[in-house]
Amino acid sequence: MSFSRNRPRIAPGGGSGPKRIMSDLEHKALLPAGLRDMLPPDAAFEAEIVERLVAFLGARGYVRVKPPLVEFEDSLLSGAGVAVSPDTFRLMDPVSQRMMGVRADITPQIARIALSRLAAAARPLRLSYAGEVLRVRGTQLRPERQFVQVGAELIGAAGPLADAEIIVTATEALAAIGVGGLSVDLTTPRLVPLVCARFGLEGEAGRMVRAALDRKDSVGVAAHAGPAAETLAALLAATGRFEDVYPRLQTVSLPDEAAEERDRVGAIAALIRNGAPDLPLTLDPVEHRGFEYHTGIGFTVFAGGVRGELAGGGRYRARGGEDDGEGERATGFTLYVDTILRTLTPPPAQRCILLPVGVDAAAAQALHEAGWVTVASLDENADPRAEAARLGCDHVLDGGVPSPVRG
Amino acid sequence: MDSADGLVLALPKGRILKEVTPLLGRAGIEPEPAFADGKSRQLRFSTNVKGLSIVCVRSFDVATFVAFGAAHMGVAGSDVLMEFDYPENYAPLDLGIGRCRLMIAEPADMVDSDDPARWSHIAVATKYPESTRRHFAARGVQAECIKLNGSMELAPALGLSRRIVDLVDTGRTLKANGLVEVEHIADVSSRLVVNRAALKTRPEEIGGWIDRFREAVDGAQA
């Protein structure tokens, strides 16, 4: 507490004041907001789900990479990483004397790997990952500050086939672990900025229009959009089931670049239809939040009756650092494991058997192979059945044969 | 959500509810009789529409129920939506009811000596701390907000704060308490709010209700 001498406002005794208050009012088990312990069976279930998702992606040619938890902030927060800059925990690296950031999103790290160490790897490059991220604050819908992301990135492919592959892969991965009732919302984050630029809508008016579009507030759009009002209202009206609203979007008169974007989303939707004919598709040409740094078609995966998003992604420019210029064309998705877990019920616990002291290894091995969970006794038990029940085992090994604790 | 098939519509208790009821009728929704019974303690009501039920909650809570998907749709004032800017809420329709304005008011005898252009820091009693802070921050003034849940008009007379930010309809309450409006923050009206995930996963159904409410509003204004 050497600094306390220079800070007369801190009472003698340094920081003991606040510390004492903490221990009086707060239990030792209290964790910082948004952080939690995962207990059985949830911890094992989460690990299983993560492994099954990564294995699914591996089988589709997405090879796994593992970036570190912490890296220099200028590489972590460049390119698409800018989006999570306000959510990133920073710390000073005492070794290099540079600022480091704890990753709040893994996609920028994958982009960095693709453009540096794997710059010479054959394109298109398919990478997958799984890991924890940490954020400065949670959102109201997701108060967790630490959660698991599983994802895939397809780098160096520009065509709609790549976009469709990423979207279909995300939904198939979710379906493979048993998430039902999926639907995909397609969005064109560049459309509104292109229309606004065409009509010279910027500054305060642009901001007001953006806010109104975010709320799907047609009155607000009409009030602030001036000459762009008619086009933007038409885009707003083209929100809904893809098959219903895409024809409407096709009749809207758009600047050339925006029209190309519209054709692209149509081409991607047609490809998704080939791969997943029954997947409900919706279109939202004005969705913006969460897609601020996307450079092409974006998407969000929802499931009926589930709060929040299960997955999201889209097209971006992979950049490994400030000097990568335009970067490389990439698309990818992130699966939000915490939301996914909320939709699933953990499988029933495996059969569990209490082994007496001194069971030989071969007998235990045979039980494992037969799908038993074994718990070894560390003491001789007068009543093994009571001991098994106490430890949550439903069987005991009786004369070398599993015997139920009850009945 | 307690049912994958049922839809829940959240309505604000109190003043706005009376204005909403005719709109419901025009949109083809007839709540069960207990809904109209002012003395009923019931909070959830069935309707003539299969699968659609109505819950009545405090106006500030409508936005929260809808944002978290506990209700799929709701009716909330734009003041509430401004205060709780949930990205999960869409407000596609202005219902044209519950019109009023969010205003800054101060004691009438203060107005002559007060020059808002010179403010750097002010204390404000309000039900809308977020909107108030944002409004003043945009013009470079730090607003220290004292959160109250009602009777804001008392604050200046009792020395809680000299200024208040509150909804003003006729202005009679302000006048009765010796206050005058000095600045306009926003015009307020009730909006139809829908949950984003609900709209995305049930586009036809929710979209259908938005259209029906739109027709009901157009019918009311025609």
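This one's a predicted model, so the numbers in the text were calculated from it and none came from an experiment. (Residues numbered from 1 in each chain as written. Chains lettered and ligands numbered in written order. Predicted model: local features only at pLDDT ≥ 70, side-chain atom pairs only at ≥ 80, totals over all residues. Heavy atoms only, no water.)

Describing the side chain of R191(B)
Applicable threshold: Numbering of helices and strands runs from the N terminus; a helix is a DSSP stretch of H or I covering at least four residues, while a strand is a stretch of E covering at least two. The classification of residues rests on relative accessible area computed with a 1.4 Å probe and restricted to protein chains. Under 20% of the type maximum is buried, over 50% is exposed, and intermediate values are partly exposed. Here a polar contact is recorded for every N or O atom pair within 3.5 Å, except that within protein the pair must consist of a potential hydrogen donor and a potential acceptor, and residues adjacent in sequence are included only if both atoms are side-chain atoms. Every residue pair with non-hydrogen atoms within 4.5 Å of one another is taken to be in contact.
One can find R191(B) in strand 11 (residues 190-195). Residue classification places R191(B) among the buried residues on the basis of a relative accessible area of 12%. At 3.2 Å, the side chain of R191(B) and the side chain of S189(B) are in polar contact. Excluding residues within four positions of it along the chain, R191(B) makes contact with D217(A), G74(B), V75(B), A76(B), S78(B), L81(B), A91(B), L93(B), D94(B) and L95(B).

Brief notes about the confidence of the model for chain A
Threshold: A residue's pLDDT is simply how confident the predictor is in it, with values from 0 to 100.
Averaged over every residue, the pLDDT of chain A is 89; residues scoring 70 or more account for 92%. Contacts of residues 1-19 of chain A to residues separated by more than four positions or lying in other chains number two contacts, the stretch itself having pLDDT below 50.

Describing empty space enclosed by the protein
Convention followed: Think of a 1 Å grid over the protein atoms and nothing else: a 1.4 Å probe that fits but is trapped marks a cavity, an open set flanked by protein within 12 Å on at least five of seven lines marks a pocket, and residues with an atom within 4 Å of a point count as lining. Grid points are joined across faces, edges and corners, and a volume is the space filled by probe spheres set on the points.
The full count for this structure, using the stated rule, is four cavities of 30 Å³ or more. Of the voids in this model, the largest cavity is the one considered here, and its volume is about 60 Å³. Around the largest cavity sit R215(A), L81(B), F84(B), D85(B), Y86(B), N89(B), Y90(B) and A91(B), which together line it. Considering each element in turn, the lining of the largest cavity owes the most residues, three residues, to strand 5 (residues 89-94) of chain B.

Side note on the nonpolar core
Our working definition: For this analysis, a nonpolar core means a set of buried residues of the types Ala, Val, Leu, Ile, Met, Phe, Trp, Tyr and Cys, connected via side-chain atoms within 4.5 Å. Domain ranges listed in this record stem from an automatic or a database domain assignment.
In this structure, V150(A), L186(A) and L232(A) are the most contacted members of the largest nonpolar core, which totals 74 residues. The greatest single-element share of this core, amounting to eight residues, is contributed by helix 5 (residues 160-176) of chain A. Each of two domains, domain 1 (32-184 + 287-348) and domain 2 (190-285) of chain A, supplies a minimum of three residues to this core. Discounting residues that sit within four places of it in the chain, L186(A) has contacts with I167(A), F242(A), V265(A), A269(A), I272(A), L281(A), T282(A), L283(A), D284(A), G298(A) and F299(A). With 33 residues, the next largest nonpolar core counts L52(B), I54(B), C56(B) and V217(B) among its residues.

Structural notes on the pairing of strand 7 (residues 182-187) of chain A
All names here are of chain A. Note the cut-off: Whether two strands pair comes down to DSSP finding at least two bridges between them.
Across the six residues that make up strand 7, a large majority, six, are buried. Neither face of strand 7 is exposed, since L182, V184 and L186 on one face and S183, D185 and T187 on the opposite face are all buried. Pairing of strand 7 with strand 9 (residues 281-284) involves four bridges; the strand directions are parallel. Across the sheet, residue L186 finds its bridge partner in strand 9, namely L283.

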